[in-house]
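# Working through the structure, step by step
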Amino acid sequence: MTNSIDNKALYAYLLRLADSSLTMGQRLAEWCGHGPYLEEDVALTNVSLDMIGHANIFYQMAAELSDEAQTADELAFLRDAHQYRNPIITELPKGDFAFTMMKQYFMDTFNFFLYEGLSQSSHEPLALAAQKALMEVKYHLKRSETWLERLSLSTEEASKRIQKALDDLWFYTPELFETDATMNKLFQQGVIGDYGELKKKWDSHVQAHMNHCELNLPETGWVATGGLEGEHSEHLGYMLAEMQFLQRAYPNSQW
Amino acid sequence: MTVTDQADNCFSKKEILSILSTVKDPEIPVISIQDLGILQNVDVSGQTVRVDIIPTYSGCPAMHTIKTDIKQALGQHGVVDMEVRLLDQPIWTTDMISPKGRAAMQAYGIAPPLSINEKKISCPQCDSTHTTCISEFGSTACKALYRCESCLEPFDYFKCHA
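Residues numbered from 1 in each chain as written. Chains lettered and ligands numbered in written order. Predicted model: local features only at pLDDT ≥ 70, side-chain atom pairs only at ≥ 80, totals over all residues. Heavy atoms only, no water.

### Here's the deal with the interface of chain A and chain B
- Facing 21 residues of chain A, the contacting portion of chain B comprises 25 residues.
- Buried surface at the junction of chain A and chain B, both sides included, amounts to about 2,100 Å², of which 63% is carbon and sulfur.
- Considering only the side of chain A, the residues that lose the most area to chain B are Lys132(A), Met135(A) and Tyr139(A), jointly responsible for 34% of the buried surface there.
- Scanning the region where chain A abuts chain B turns up one salt bridge.
- Across the pair Glu136(B) and Lys142(A) runs a salt bridge, and its minimum N-O distance is 3.5 Å.
- Listed by contribution, the elements that provide at least two residues to the side of chain A that touches chain B are helix H2 (38–65) and helix H5 (124–152) of chain A.
- Sorting elements by how many residues they give to the side of chain A that touches chain B places H5(A) first, with eleven residues.
- Of the residues assigned to the side of chain A that touches chain B, the class counts are eight nonpolar, five polar and eight charged. (Contact = heavy atoms within 4.5 Å. Buried area = accessible area lost by both parts, 1.4 Å probe. Salt bridge = Lys/Arg side-chain N within 4 Å of Asp/Glu carboxyl O. Helix = DSSP H or I, 4+ residues; strand = E, 2+ residues; numbered from the N terminus. Nonpolar A, V, L, I, M, F, W, Y, C, P; charged D, E, K, R; others polar.)

In structure tokens:
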């Protein structure tokens, strides 16, 4: 089965997974020392660590498929914004705590169903990575789900902020489910699951939790798109400039 | 192994395992890598020793330290030719922690893992089940932070990972 998989398509898809995890991990890491209280500060950076761990695994898999003898580090630190394939939502500045938790909730729910599907992948290394990531994502989701509940059903200030976060982020979520020709190829080969199904599961799970939290989904707004083709918001460039600085200024330096 | 046992500087698998039992998890220094369940295989072939380990969490920063610690422990006992590999399977779960490891954890003040939806985590100090989760993520990603409402001590709970 492995031989029939389109390596170029798989490489591109692995970059989408890795770039999404890395940008999320980097944004969460920005909370280090800025969390609302100590335990939460530790939690935010622990989730960040998991995300960067996932990114590392996917970059390594991508590097093995690459024709150009790339390393995982090169993929993370030496590609520019237009080569990143993450959806725009993961690169957005961290905002306030409500914004971060709403973004986290959307992504945790997405990752939960995504990795659940990828656990069945016909490409064994990907299935193994997804099975492992899924165990960690369960805890991420449990935490962000609880925070949404806590913030939306508590003080007026908290519920105002979490509703605003929902309004600001909602139309960034359709992009998560976008597919392209290469992904369709992988779907046919059993490497990835059906993104249509993924969207259905995500929608019903999120809708139910929003109702439970008494939050209102916004009706209209600008719908984000472009990450899959390397078209990003201006935020990614700034983020990469900071994240990649050391490797660009001192090429090949190591810890 | 009969051939290799004759040469100088050759080790039996048993000797290597005994050396490795001194390598502890850097974040829970009372539990060995074997009791934590991350030590998967030990191969001794002539003077060459190969050790296979698996990661606990995908992003666990301790893996690098553990690899170095294994090499250091073997090196101190005269092993020169060694390889430590990080495997991607089997996937580590908290079920791989040995009963000895769980007991060591408990004695060290970390409540050992139960199941993911377990509500009654008991305090490792006073055994009370009247405890509250303060944060799902404690001092490391693998632990949650709890407080005992009976003796009022905060404690780490090693989360179930299965």
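### What about the packing of H5(A) against helix H6 (residues 156–169) of chain A?
All names here are of chain A.
- In the contact formed by H5 and H6, the axes pass within 7 Å of each other and the chain directions differ by 125 degrees. Between H5 and H6, the angle falls in the class oblique. Judged by residue contacts, Leu148, Leu151 and Ser152 of H5 engage Ala158, Ser159 and Ile162 from H6.
- A class-by-class count of the residues in the contact of H5 with H6 yields four nonpolar, two polar and no charged. (Axes fitted to C-alpha atoms, helices over the stretch in contact; angles between N-to-C directions. Parallel < 35°, antiparallel > 145°, perpendicular 65-115°, else oblique.)

### Notes on the sheet that holds strand E6 (residues 110–111) of chain B
Residues and elements named next belong to chain B.
- The strand order across the open sheet built from four strands is E6-E9-E8-E7, with neighbouring strands paired in mixed fashion. Where the open sheet ends on each side, the last strands, each with one partner, are E6 and strand E7 (131–135).
- Judged from the four bridges that link them, E7 and strand E8 (residues 143–148) form a sheet pairing that is antiparallel. Bridging across to E8, Cys133 finds its partner in Tyr146. (Pairing = 2+ DSSP bridges.)

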